[in-house]
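# Descriptive structure summary
In case you want the letters, here they are:
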Amino acid sequence: MSSLRTIGKWFFRFCLLVIFLAAFTWLGIHVSRAYYLRQASRPPSAFIVESGPLIALTHARVIDGTASPAQDDQTLILKNGMIAEVGPSSSIQVPASARSIDLSGKTVFPGLVMLHEHLFTISPDTTPTKILLVEQPVSFPLMYLAAGVTTLRTTGSIFPQADLAIKTAIDSGQRPGPDMFLTAPYLESNPLLFSQMHAIASPDEARRAVDEGAAEGMTSFKAYIHLTPEELKAGIDEAHSKGLKITGHLCSVGFTEAADMGIDGLEHGISVDTEFFPGKQPGICPPDRAAAKDIDERLDIESPEVQRLIHHLVERHVPITSTMAVFADFTDDAQPMSALEDREMRALCFKSALIYRILKAFVLPKIVMHHAMPKEMQFERDFVAAGGLLLAGSDPTGDGSTLAGYADQLEIELLVKAGFTPVEAIHVATQNGAVALGQSDRIGTIAKGKQADLVVVTGNPSTNISDIRNVDLVFRKGVGYSSARLFGAIKGLVGVQ
Ligand SMILES: [Zn+2]
């Protein structure tokens, strides 16, 4: 009898302890979240470490964004947010009144111009059949800037008013973040996976959606998976009538057909082109698993039809946006996340990352592609070799572990893995992006007269591309932000509602 009572007593104590620990953890998460939300919501001045009308960056290695070799021992003079001088340290006179920063051992390259970004991520409440997206208004702008992204194009919006508000807050100097070119809500006619997307029902509706987006201040458009050929054509023509561009993540329409309709860009590369799928019906998106499997197992990049497509895209001046970082999750040959990102992920996405990893490991049906990544890499190399304009972006969605900023850096690393030299990969992520946005006379390269959008890293990315992750300073319009302060302020905020 007494031993039963003892067991009962200990069981009661054990339950109390469990309840106490759970309450303590819950409280800890919420208190730290409130703290970081306040930290991350501070004005730009909290993250700025270098500012002033005249700044000299001396003895730096410069990668100028044009794909030229890195130049050692260079000095840059930044004046009123612009690059006033750049050249060998021996020939550049540093004005006495300049704030001088010695960058010996460091490398400067142009601020990244990334072309497939989002201001939302995957919600932890997502199921395998319904993906829920959540806006990341506080954390993502900071993460982009912290990783060296000074200009981005969103590529599909779910919360257009929130995107506009974020852009306005950044442009007016209330919040830190990159310069943003916003894309209107997705043009999609059958949003199977995404319940938050509006379904376009006719070519007329596609035209109206373009008109509405343009009226709200969106500067580009994105056609999505199930848009019919007629709706796509209507969307393209309407965007062009306003002098605006439209890109696509397509499926019901193949790349060749879309290029002939006049589309201005194609997202993700050959991995999503369905035109070579056996039995492809005009205007119908084949089942996604079968299409992915066909590309993974059968498609040959060296085949005459794929090579013909590449030359067709080049002739039609249709850029391709490489988004290999988001594919990495679905391939077995991709690089694992860096140790740094992994650690940050655990700390900052406590809820979403942890749940995702458990779901991914044990619950979600895993699509593993064995050959798709090397094929995508070969396609992108051949496209560039043929004269095509390759762009880069992170597409921070995937399985929820593709994160703004970090994934932009991973994308550049994957370009090098694909066979581009480090300076070529940086060129794709800087000058090419600026060209696609029509901004190349202002940003994307390091040259006299350009805007002082610069990334300062420790090390030498021209020999070790992963040194792009060692960001010290990010200059946007000549104002230097501390990457560590930006990244330091977002713990616990990503992916959490
Ligand atoms: Zn996307």
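Up top is the structure these notes are about.
Attention in this report is confined to the structure presented alongside it.

Here is what the cut-offs are and how they apply
- Residues numbered from 1 in each chain as written.
- Predicted model: local features only at pLDDT ≥ 70, side-chain atom pairs only at ≥ 80, totals over all residues.
- Helix = DSSP H or I, 4+ residues; strand = E, 2+ residues; numbered from the N terminus.
- Rg over C-alpha atoms; globule rule 2.2 N^0.38 Å.
- Buried ≥ 20, exposed ≤ 12 C-beta atoms within 10 Å, placed from the backbone.
- Contact = placed C-beta atoms within 7 Å.
- Expected span 1.5 Å × (residues − 1).
- Axes fitted to C-alpha atoms, helices over the stretch in contact; angles between N-to-C directions.
- Parallel < 35°, antiparallel > 145°, perpendicular 65-115°, else oblique.
- Left-handed = near helix turned anticlockwise from the far one by under 90°.
- Nonpolar A, V, L, I, M, F, W, Y, C, P; charged D, E, K, R; others polar.
- Pairing = 2+ DSSP bridges.
- Right-handed = clockwise from strand over helix to strand, strands pointing away.

Our focus in this paragraph is the overall build of the protein chain. On a plain count of helices and strands, the protein chain comes out with 16 helices and 19 strands. Taken over the C-alpha trace, the protein chain has a radius of gyration of 24 Å; the compact-globule value for 497 residues is 23 Å, and the two agree within 12%. Principal-axis analysis of the C-alpha atoms gives the protein chain an extent of 90 × 70 × 40 Å. In the protein chain, buried positions account for 49% of the 497 residues. Taking the contacts inside the protein chain whose residues are at least 6 apart along the sequence as the reference set, 74% of them involve residues at least 24 apart.

With that settled, the discussion passes to helix H13 (residues 406–417). Helix length check: H13 (12 residues) gives 17 Å between terminal C-alpha atoms against 16 Å at 1.5 Å per residue, within 8%. Of all 12 residues in H13, 10 are buried, a share of seventy percent or more. Among all positions of H13, only Tyr406, Ala407, Asp408, Gln409, Leu410, Glu411, Ile412, Glu413, Leu414 and Leu415 are buried. A positive phi of about 120° marks Gly419, the residue just after H13.

At their nearest, the axes of helix H4 (residues 203–216) and helix H5 (residues 229–241) sit 8 Å apart, and the two run at 30° to each other. Between H4 and H5, the crossing angle belongs to the class labelled roughly parallel. In this structure, the crossing between H4 and H5 has a hand that is right-handed. Judged by residue contacts, Pro203, Ala206, Arg207, Val210 and Asp211 of H4 engage Glu230, Glu231, Ala234, Gly235, Glu238 and Ala239 from H5. When its residues are assigned to classes, the contact of H4 with H5 shows 5 nonpolar, 1 polar and 5 charged.

What follows is about the environment of Ala239. Among the secondary structure elements, Ala239 is positioned in helix H5. Its 27 C-beta neighbours within 10 Å are what place Ala239 among the buried residues. Separated by 241 residues in sequence, Ala239 and Gly480 place their C-alpha atoms 36 Å apart. Non-local contacts of Ala239, meaning those with residues more than four positions away in its chain, are made with Val210, Phe221, Leu244, Lys245 and Ile246.

Once that is clear, we can look at unusual backbone geometry. Its identity as a non-glycine residue notwithstanding, Asn80 has a phi of 50°, on the positive side. Along the polypeptide, Asn80 turns up in the loop between strand E3 (71–79) and strand E4 (82–88). Residue Asn80 is classed as exposed on the basis of its 11 C-beta neighbours within 10 Å. Positive phi is not limited to glycine here, since His317 has a value of about 55°. Examined against the element boundaries, His317 turns out to sit in the loop between helix H8 (304–315) and strand E15 (320–322). A tally of 12 C-beta atoms within 10 Å means that His317 is categorised as exposed.

Side-chain direction in a regular strand flips from residue to residue, so the side chains alternate between the two faces of the sheet. Of all 6 residues in strand E10 (residues 149–154), 6 are buried; the element is thus mostly enclosed. With 4 bridges joining them, strand E7 (residues 112–117) and E10 adopt parallel strand pairing. When the sheet's bridge partners are listed, Val113 is paired in E10 with Thr151. Summarising the sheet, E10 and strand E11 (residues 179–181) pair through 3 bridges and their orientation is parallel. Looking across to E11, one finds that Arg153 is bridged to Phe181. Taken together, E10, helix H3 (residues 160–171) and E11 constitute a β-α-β crossover, and its handedness is right-handed.

This part is about the environment of Gly283. In this structure, Gly283 sits in the loop between strand E14 (265–267) and helix H7 (288–297). A count of 15 C-beta atoms within 10 Å places Gly283 in the partly exposed class. In the structure, Gly283 is positioned 132 residues away from Leu415 in sequence and 32 Å away in space, judged by C-alpha atoms. Aside from chain neighbours lying at most four places away, what touches Gly283 is Thr228, Pro229 and Ser252.

On to the sheet that holds strand E12 (residues 220–223). Ordered by their spatial adjacency, 5 strands build an open sheet running E12-E13-E14-E15-E16, and the pairing between neighbours is parallel. Whereas interior strands pair on both sides, the edge strands pair on one side only; in this sheet they are E12 and strand E16 (390–392). Mean inter-strand twist for the sheet, computed between neighbouring axes without regard to direction, equals 30°. Taken together, the 2 bridges between strand E13 (residues 245–248) and E14 define a ladder with parallel strand orientation. Bridging across to E14, Thr247 finds its partner in Gly265.

Taken in spatial order, the 3 strands of this open sheet run E7-E10-E11, and their pairing is parallel. Two strands bound the open sheet, and with one partner strand each, they are E7 and E11. For this sheet, the mean angle separating the axes of adjacent strands, direction not counted, is 20°.

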